[in-house]
Amino acid sequence: MNEDLQQKISDAMRDPKNIGEMPNADAIGTVGNAECGEMLRMWIKYKEQGGKKVIDRATFQSFGCETAIAVASLATELIRGKTPEEALAMKTEELSGELGPLPPMKIHCAELVEGALRAALQGKEQSAVSRAAGPQSPSLLDKFSSPQNPGAKIIFLKENK
Ligand code: FES
């Protein structure tokens, strides 16, 4: 990865935007990447603007990779005010915003963000949205370590002192 891109990712990581669950979300999308074990969930809240349904706010949670977090941070800012159709029409490289073109080995990081966004916009997790209001709502950690993901194992690293 070139130094300029690494610097932009580090800048985005220093102050990532829109991290965290959104309890009153209208839509949720979750995507896992079997290749690297990454998982990303996105929450979306809509609002009415000028007679159109537009994205008011989007938040995300992610396990791992800095590039996916940087792209998710930028993408959740870029899709604000867009209709679901406009957001769906955005290409992977557009979601990466100011990071610019990603090297081939990092494109799947942006595709993870795109996948979670598409899943949310296309209403693939409606049941999760209605469950989100209840105490039994599975967290991203629950989902990541559930039996449906038998290959996934989360190991918390000890902090070096
Ligand atoms: Fe897999 Fe970034 S390395 S999402």
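Refer to the structure presented above.
Residue indices begin from 1 for each chain and proceed along its sequence in written order. For this predicted model, a pLDDT threshold of at least 70 governs which residues receive local features, and a threshold of 80 or more governs which side-chain atom pairs are given and counted, while totals over whole chains, interfaces and linings are taken from all residues. With hydrogens and water set aside, each side-chain value is computed from the structure's full complement of heavy atoms.

Just checking my understanding: could you explain the packing of aromatic side chains for this structure?
The description of two aromatic rings rests on the distance between their centres and on the angle between their planes. Whether two aromatic rings pair depends on their centres lying within 6.5 Å, for rings of Phe, Tyr and Trp, where Trp uses its six-membered ring; planes under 30 degrees apart make the pair stacked, over 60 edge-to-face, and the rest tilted. Here the structure, examined in full by the defined rule, presents 0 aromatic pairs. Whether a charge sits over a ring comes down to the Lys NZ or Arg CZ being within 6 Å of the ring centre and within 35 degrees of the ring normal. Sitting over the ring of tyrosine 46, lysine 53 keeps its end group 4.2 Å from the ring centre.

Help me understand the environment of alanine 12, please; the structure alone is not making it clear to me.
Within the fold, alanine 12 resides in helix α1 (residues 3-14). Along the backbone, alanine 12 and glutamate 98 are 86 residues apart, and their C-alpha atoms lie at a distance of 9.8 Å. A run of DSSP states H or I qualifies as a helix once it reaches four residues; a run of E qualifies as a strand once it reaches two. Both are numbered from the N-terminal end.

Explanation requested: helix α5 (residues 107-121) in the structure shown.
Helical geometry: 3.6 residues make up each α-helical turn, so side chains three or four residues apart lie on a common side. Residue count minus one, scaled by 1.5 Å, sets the expected span of a helix. For α5, with 15 residues, the first-to-last C-alpha span of 21 Å sits near the 21 Å given by 1.5 Å per residue. α5 sits mainly inside the fold: 11 of its 15 residues count as buried. Buried residues of α5: His108, Cys109, Ala110, Leu112, Val113, Glu114, Ala116, Leu117, Ala119, Ala120 and Leu121, and no others. Should any heavy atoms of two residues lie within 4.5 Å, those residues are considered in contact. Summarising the contacts, the buried residues of α5 are in contact with β1 (27-33), β2 (38-49), β3 (52-63), α2 (66-78), α3 (84-88) and α4 (92-95). Burial classes follow relative accessibility: with a 1.4 Å probe on protein chains only, a residue under 20% of its type's maximum area counts as buried, one over 50% as exposed, and anything between as partly exposed.

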